[in-house]
Amino acid sequence: MIESVFILLAPIIGALLYGFERIVKARMQNRMGPPLLQPFYDMFKLMQKRLYLIHAPHALFALLHFITLWMVVAFIILGDNLLYSIFLHLLATIFLIMAGFSVRSAYSHMGANRELLALLAYEPILILMAVGLYLYTGSFNISMIRTFSSSLPQLLLLFLSLALIIPVKLKKSPFDATSAHQEIVGGVEIEYSSWMFEFLYMAKCLEYVFVYLLVALFAGNSLSLALLLVATVFLMVNLVDNSTARVKIQDLMKMVLGFGLILSIMNIVGLYFV
């Protein structure tokens, strides 16, 4: 029952996380910042804008992106197969990339290209994380993974790799090249408006829930450790976001693949032989 409520409220929880994050970032910059509910005010404002539809597939891809992400979050909460959830998340991102390529806007194409390159950088790490948890627990089933004690000591390098790619997923500095408004004017989102843009906005909120659910998996059956890990990663991501400048998409790939992928492989190899 509580899982169903959590699934239904996932976009709202993600929006609250986003709102809280904006407050934390503002405090780090010695500013007041927006209220906690600002993401909801933004959503209501978006609903009042005039809707422009480029064509039906363009709108459909945004809807599929949102629904698929919501399904991914639901599968993780229900304790389904982790590998299946990661591949479904890959499909959700591909829908977003297809949306970017489905219109004639140069900015949309540039945004889709960057989304694709970022996907190539972080997706192997997500898969290796699932493999690492499988080697530790003997199962890809999330409900089974949650019954074990914390895997953090054995999978520390994989955990660090996951923390490295979270700024990519949440479009935070230094890895926010996919949402560089000064360069690509919104990227894949540029041709969306009103309630169609609302789906992309809520999908961003679901990404928050997705990444922090993955972080919590490393705590195993310890709820207190899960909360501590999520809080620590949350603060670190925002601290780095506030104190670093954006890197180019090529540098993003080099850093994520150069550090994250190597750390993940080292952890898998070490776990296999120990």
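Cut-off values and rules
Residues numbered from 1 in each chain as written. Predicted model: local features only at pLDDT ≥ 70, side-chain atom pairs only at ≥ 80, totals over all residues. Heavy atoms only, no water. UniProt positions renumbered as here; feature names shortened; annotations may be inferred. Helix = DSSP H or I, 4+ residues; strand = E, 2+ residues; numbered from the N terminus. Expected span 1.5 Å × (residues − 1). Buried < 20%, exposed > 50% of the residue type's maximum accessible area, 1.4 Å probe, protein only. Contact = heavy atoms within 4.5 Å. Patch = residues over 30% accessible without salt bridge, like charges linked within 9 Å, V, L, I, M, F, W, Y side chains within 5 Å. Areas by Shrake-Rupley, 256 points an atom, 1.4 Å probe, with all protein chains shown as cover. Salt bridge = Lys/Arg side-chain N within 4 Å of Asp/Glu carboxyl O. Phe/Tyr/Trp six-rings, centres within 6.5 Å; stacked < 30°, edge-to-face > 60°. Axes fitted to C-alpha atoms, helices over the stretch in contact; angles between N-to-C directions. Parallel < 35°, antiparallel > 145°, perpendicular 65-115°, else oblique. Nonpolar A, V, L, I, M, F, W, Y, C, P; charged D, E, K, R; others polar. Polar contact = N/O pair within 3.5 Å; in protein donor to acceptor, adjacent residues only side chain to side chain.

**Q** Help me get a handle on the UniProt feature "transmembrane region" (unreviewed entry) in the protein, residues and values and all.
**A** The sites that UniProt annotates as "transmembrane region" (unreviewed entry) are residues 6-24, 51-77, 83-104, 116-136, 148-166, 223-240 and 252-273. In residues 83-104, helix accounts for 86% and strand for 0%; the two terminal C-alpha atoms are 34 Å from one another. Note that residues 223-240 is 100% helix and 0% strand, and that its end C-alpha atoms are spaced 26 Å apart.

**Q** Explain helix H2 (residues 10-28) to me, and be specific about the residues and the numbers.
**A** If you check H2, its first and last C-alpha atoms are 27 Å apart, about what 19 residues at 1.5 Å a residue would give, namely 27 Å. Among the residues making up H2, those that are buried are Ala-10, Pro-11, Gly-14, Ala-15, Gly-19, Glu-21, Ile-23, Val-24 and Ala-26. The secondary structure elements touched by the buried residues of H2 are helix H1 (2-8), helix H3 (38-47), helix H4 (56-77), helix H10 (194-217) and helix H11 (223-243). Positive phi shows up at Asn-30, right after H2, with a value of about 60 degrees.

**Q** Tell me about a nonpolar patch on the surface, residues and numbers included.
**A** A contiguous nonpolar surface patch, about 1,100 Å² in accessible area, is contributed by Met-1, Val-5, Leu-8, Leu-9, Ile-12, Leu-16, Phe-20, Leu-36, Leu-37, Tyr-41 and Phe-44. Broken down by secondary-structure element, the contributors of at least two residues to the nonpolar patch are H1, H2 and H3. It is H2 that provides the largest number of residues to the nonpolar patch, a total of three residues. Within the secondary structure layout, Leu-36 lies in the loop between H2 and H3. For Leu-36, a relative accessible area of 36% gives the class partly exposed.

**Q** How would you sum up the packing of aromatic side chains? Please name residues and give values.
**A** Under the criterion given, the structure shown has eleven aromatic pairs. When the centroid spacing of 4.6 Å and the interplanar angle of 20 degrees are considered together, the rings of Tyr-134 and Phe-140 count as stacked. Owing to a relative accessible area of 36%, Tyr-134 belongs among the partly exposed residues under this scheme. Relative accessible area serves as the criterion here: at 21%, Phe-140 is assigned to the partly exposed category.

**Q** Give a detailed account of the pattern of salt bridges, specifying residues and quantitative values.
**A** Summed over all chains, the structure comprises six salt bridges. The residue Arg-22 makes a salt bridge to Asp-42 at a minimum N-O spacing of 3.3 Å. Separated by 20 residues along the polypeptide, Arg-22 in helix H2 and Asp-42 in helix H3 bring together distant segments of the chain.

**Q** A description of the environment of Phe-20 should follow, citing residues and the corresponding values.
**A** Mapping Phe-20 onto the fold places it in helix H2. Measuring from C-alpha to C-alpha, the distance between Phe-20 and Phe-148 comes to 31 Å, with 128 residues separating the pair along the chain. In this structure, Phe-20 is in contact with Leu-36 and Phe-234, ignoring residues within four places of it in sequence.

**Q** Which residues make up the side chain of Ser-85, and what values do they have?
**A** Here Ser-85 lies in helix H5 (residues 82-101). The class for Ser-85 is buried, based on a relative accessible area of 0%. Contact partners of Ser-85, with chain neighbours within four places excluded, come to Val-72, Phe-75, Ile-76 and Ile-142.

**Q** Please give an account of unusual backbone geometry that cites residues and values.
**A** Omega for the bond connecting Ser-173 with Pro-174 falls within 30 degrees of zero, at 5 degrees, which places this linkage in the cis form. Despite not being glycine, Asn-30 shows a phi value in the positive range, around 60 degrees. For Asn-30, the location among the structural elements is in the loop between H2 and H3. You will see that Lys-171, though not glycine, has its phi angle at about 55 degrees, which is positive. Summarising the element assignment, Lys-171 is placed in the loop between helix H8 (156-169) and helix H9 (181-184).

**Q** Which residues make up the packing of H8 against H10, and what values go with them?
**A** Packed helices, taken two at a time, are described by the angle their axes make and the gap between the axes. Close contact between H8 and H10 brings their axes to 10 Å; oriented N to C, the two are set at 175 degrees. Of the possible angle classes, the one that applies to H8 and H10 is roughly antiparallel. Contacts from Phe-159, Leu-162, Ile-166 and Lys-169 in H8 reach Glu-207, Val-211, Leu-214 and Val-215 in H10. A class-by-class count of the residues in the contact of H8 with H10 yields six nonpolar, no polar and two charged.

**Q** How would you summarise the side chain of Asp-241 if you had to cite specific residues and measurements?
**A** Tracing the backbone through its elements, the reader meets Asp-241 in helix H11. The exposure class assigned to Asp-241 is buried, which follows from its relative accessible area of 11%. Of note is the side chain of Asp-241, whose polar atom sits 2.8 Å from the side chain of Lys-25. A distance of 2.8 Å separates a polar side-chain atom of Asp-241 from the backbone nitrogen of Ser-173. Dropping the residues within four chain positions of it, Asp-241 is found in contact with Lys-25, Lys-172 and Ser-173.

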